[in-house]
Amino acid sequence: MVRDMTVNGGRRGGLVLALVAAVIGVVLIVLAVTSQEPAPPQLDAPVGRVDATPTPTPSAEADRVRPAEEVPLGPSRPVSISIPAIGVSSELLALGKAPDGSLAVPQPGPNLDKAAWFENSPTPGQPGPAVIEGHVATEQSGPSVFFELAELRPGDKVTVERKDGSTVVFHVTALREFAKDRFPTELVYGGNVSEPTLRLITCSSFDPSIGKHTGNLVVFAELTNVRGA
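Please read all numbers here as calculations on a predicted model, not as lab measurements.

Go over the packing of aromatic side chains with me, naming the residues and quoting the values.
Considering all chains together, one arrives at three aromatic pairs under this definition. Relative to Phe183, the ring of Phe178 has its centre 6.0 Å away and its plane inclined at 80°; by these criteria the two rings are edge-to-face. Judged by relative accessible area, which is 15%, Phe178 ranks as buried. The interplanar angle of 55° and the centroid separation of 6.2 Å between the aromatic rings of Phe183 and Tyr189 together place this pair among those described as tilted. Under the relative-accessibility criterion, Tyr189 is labelled partly exposed at 30%. Of the aromatic side chains, those joined through ring pairs into one cluster are Phe118, Phe178, Phe183 and Tyr189.

Dropping the structure here:
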């Protein structure tokens, strides 16, 4: 009798453990999927040309295009960004590098879903590529500021307000996705450093097996208009 109870108890315990393990597995899968639901748009193939001349939509009458001798502009901290095609309107933080030398990102808290200007890059309107980043999605709040960045297409407008009262208008020329372990630093942070350009960066290619993004989506844009001060 004792032997039978022990065997039955062992089997019953094994079933319980198996059920618990199965439940935990399902929960982990659900959490991984839920943290990415709804899934952000994906870039299936390269879009546009990195070295292309932008083809913007007609400027509003209120736009004042600066004479060529006045562009590029001097330094002035960017304070906000607007991307009408994907409904983005965000205050801009100023962030530098993380302790490991990588690009710092907005941290959990009230600034988590804001876009950020990389303060080691030119200010938008200065010569060279100004870099603005943002999360695609976070565990805390789901879809974030650059959730739909992959939906942009050449000709779409990106507007940045600067502290000096000027507004710089860029138009998208290309989108590219790169593996993080093969990120082309020179292409993204370099290129033509004599002309004002813009890079928008977010994470891409979420891998649920490791719970991390393995890629970066980069949007390339060029200055087309300057308004204001």
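Give me the lowdown on the nonpolar core, citing residues and values where you can.
Grouped together as the largest cluster of nonpolar side chains are 30 residues, with contacts concentrated most on Ile81, Ile83, Ile132, Phe146, Leu149, Leu152 and Leu200. Elements with a contribution of two residues or more to this core: strand S2 (78-83), strand S3 (88-95), strand S4 (115-118), strand S5 (128-133), strand S8 (157-162), strand S9 (166-179), strand S10 (196-207) and strand S11 (212-228). Residue contributions to this core peak at five residues, all from S11. With sequence-adjacent residues up to four places away left out, Leu149 is seen in contact with Ile83, Ile86, Leu175, Leu200, Ile201, Thr202, Leu217 and Val219. Residues Phe178, Val188, Ile201 and Phe220 belong to the second largest nonpolar core, which totals nine residues.

Basis of the calculations
Residues numbered from 1 in each chain as written. Predicted model: local features only at pLDDT ≥ 70, side-chain atom pairs only at ≥ 80, totals over all residues. Heavy atoms only, no water. Phe/Tyr/Trp six-rings, centres within 6.5 Å; stacked < 30°, edge-to-face > 60°. Buried < 20%, exposed > 50% of the residue type's maximum accessible area, 1.4 Å probe, protein only. Core = buried A, V, L, I, M, F, W, Y, C linked by side-chain atoms within 4.5 Å. Helix = DSSP H or I, 4+ residues; strand = E, 2+ residues; numbered from the N terminus. Contact = heavy atoms within 4.5 Å.

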